[in-house]
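Observations on the model geometry
Below are the chains, spelled out letter by letter.
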Amino acid sequence: MAVLVTSALFVALAQSPADPGPVPPPVPVVRVFSWAAIKYDPDLPDGIARDGYIVRDLGQTVQTTLQLPPAPTDQRHARQVSAIVDVRPVSVGRDGQDRPGDVWTRLGCVSILAPGPQGPTEVELLRFTTGFGGAGTYTADLTALAPLLHGRRTLRVSISTYTSPAWEVSLRLAYRPRAAGYRRPVFARGLFNETAVTADSPTLRSEVDIPTGLAQPRLRVISTGHSTDGGPANEFVTCTHLLRIDGREVARWRPWAEGDAGLARLNPWSGRRTIDGRELRSSDLDRSGWQPGLIVEPLVLPVPELTPGRHEVELEIVGIRPEAADHARGYWRVSAAVVADEPWPPSPPPPPEPAHAPGARP
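What you see is a predicted model, and the numbers here were worked out from it, not measured in a lab.

1. A word on the environment of Phe 236
Topologically, Phe 236 is positioned in the loop between α2 (232–235) and β16 (240–245). In the structure, Phe 236 is positioned 108 residues away from Phe 128 in sequence and 17 Å away in space, judged by C-alpha atoms. Not counting the four nearest positions on each side in its chain, Phe 236 is found in contact with Gly 230, Gly 231, Trp 256, Leu 285, Asp 286, Arg 287 and Ser 288.

What follows is the structure, encoded as structure tokens:
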């Protein structure tokens, strides 16, 4: 590991007037999708072209390939990379009333096909859930994943809808110069991207080769619990996650997210009930790592155990509800990626204290 910038250097910087430098250039923004239609069609052939993009997964996924900005040649010029996703429901007339074609909350994600040692792999960049029939904007800082977001790449947006019409989605990537902060991102590798981890196969395993010369290795994990029947497990009951590296447990946690009445504006078609004199909405309820109408924040885990060389990473989810006689079951959607930075150069030593004459006040 490299020596980090010392606090003395930060003190020196704080005591010096900031040099604003030249005015930064405009922020390059890449528009990936512009209100692409996502609608379920059980008879749709996979990979069909429509409206200038490719449609997959029975209409639940749109895909496009495009040229992204080149990577910086020097990490002193690293840029902050942000993704902005806009989603809106398609309105339909039904029973004399204008309403969304899909009034349910749906799982959505943005992913990229990244080159790997054994061919392209799909890496999840961000995850969100739509509101109950409501529009939303989801913004994510992807700076740690910047090594994947350069050159010619294929990107996908998916929403797990089962209606038609359903949703329209836009996606932009913004590359902000002089805004990366502490990050010097040079390494990013996908480990898992599983849409349904069940009781039958609750453990994910992957190998990763860590090159030399990296700093701050971290695991970026997104995990949310769901159920096929909307029952309590595993949408409203969390499960313990165990992370092992080379067979040794290094972390355990339980994904959870607490809801509140402030989400009502994002969930205009949320169901509601009165309990003990208080009206509650479905969007108010606590859930297993997600909330209707919000982005899913990734869990970022420092993993100094990922030293240079090959490692096995294992993630086990304990206590997933097994499939019942009516085929209802719990499941988790899980993705993970390893990210790391270029080391900062060692900071210079602090300047020596000035000399003082005997008896003189400093």
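2. So, the sheet that holds strand β14 (residues 203–210)
Read from one edge of the open sheet, 4 strands run β14-β22-β16-β17, paired in antiparallel fashion. Of all the strands in the sheet, the pair left with one neighbour each is β14 and β17 (248–253). Here the average twist between neighbouring strands, direction ignored, is 20°. Relative to strand β22 (residues 309–318), β14 is paired through 8 bridges, and the arrangement is antiparallel. Looking at β22, one finds that Ser 206 is bridged to Val 313.

3. Looking at the nonpolar core
Formed by 43 residues in total, the largest nonpolar core has its most connected members in Val 85, Leu 149 and Leu 173. For this core, the element with the highest residue contribution is strand β1 (residues 29–38), accounting for 6 residues. With near-sequence residues (within four places) excluded, Leu 149 lies in contact with Leu 68, Pro 69, Val 81, Ile 112, Leu 125, Leu 142, Leu 173 and Tyr 175. Counting residues in each nonpolar core, the second largest holds 27 residues, with Leu 204, Leu 306, Ile 317 and Val 334 among its members.

Analysis parameters
Per-chain numbering applies: the sequence of each chain, read as written, is numbered from 1 onward. Side-chain atom pairs in this predicted model are given and counted only at pLDDT of 80 or more, local residue features only at pLDDT of at least 70, and totals for whole chains, interfaces and linings cover all residues. Values shown for side chains rest on all heavy atoms present in the structure; no hydrogens or waters enter the calculation. The numbering of helices and of strands both runs from the N terminus, where a helix is a DSSP run of H or I of at least 4 residues and a strand a run of E of at least 2. Contact between two residues is taken to exist if any of their heavy atoms lie within 4.5 Å; hydrogens are not considered. Here, strands pair whenever DSSP counts at least two bridges between them. Axis definition: a line fitted to C-alpha atoms, over the contacting stretch in the case of helices. Angles run 0 to 180 degrees between N-to-C directions. As used in this record, nonpolar core signifies buried Ala, Val, Leu, Ile, Met, Phe, Trp, Tyr and Cys residues forming a set joined through side-chain atoms within 4.5 Å. Throughout, exposure labels follow a simple rule: accessible area from a 1.4 Å probe, protein chains only, divided by the maximum for the residue type, with under 20% read as buried, over 50% as exposed, and the rest as partly exposed.

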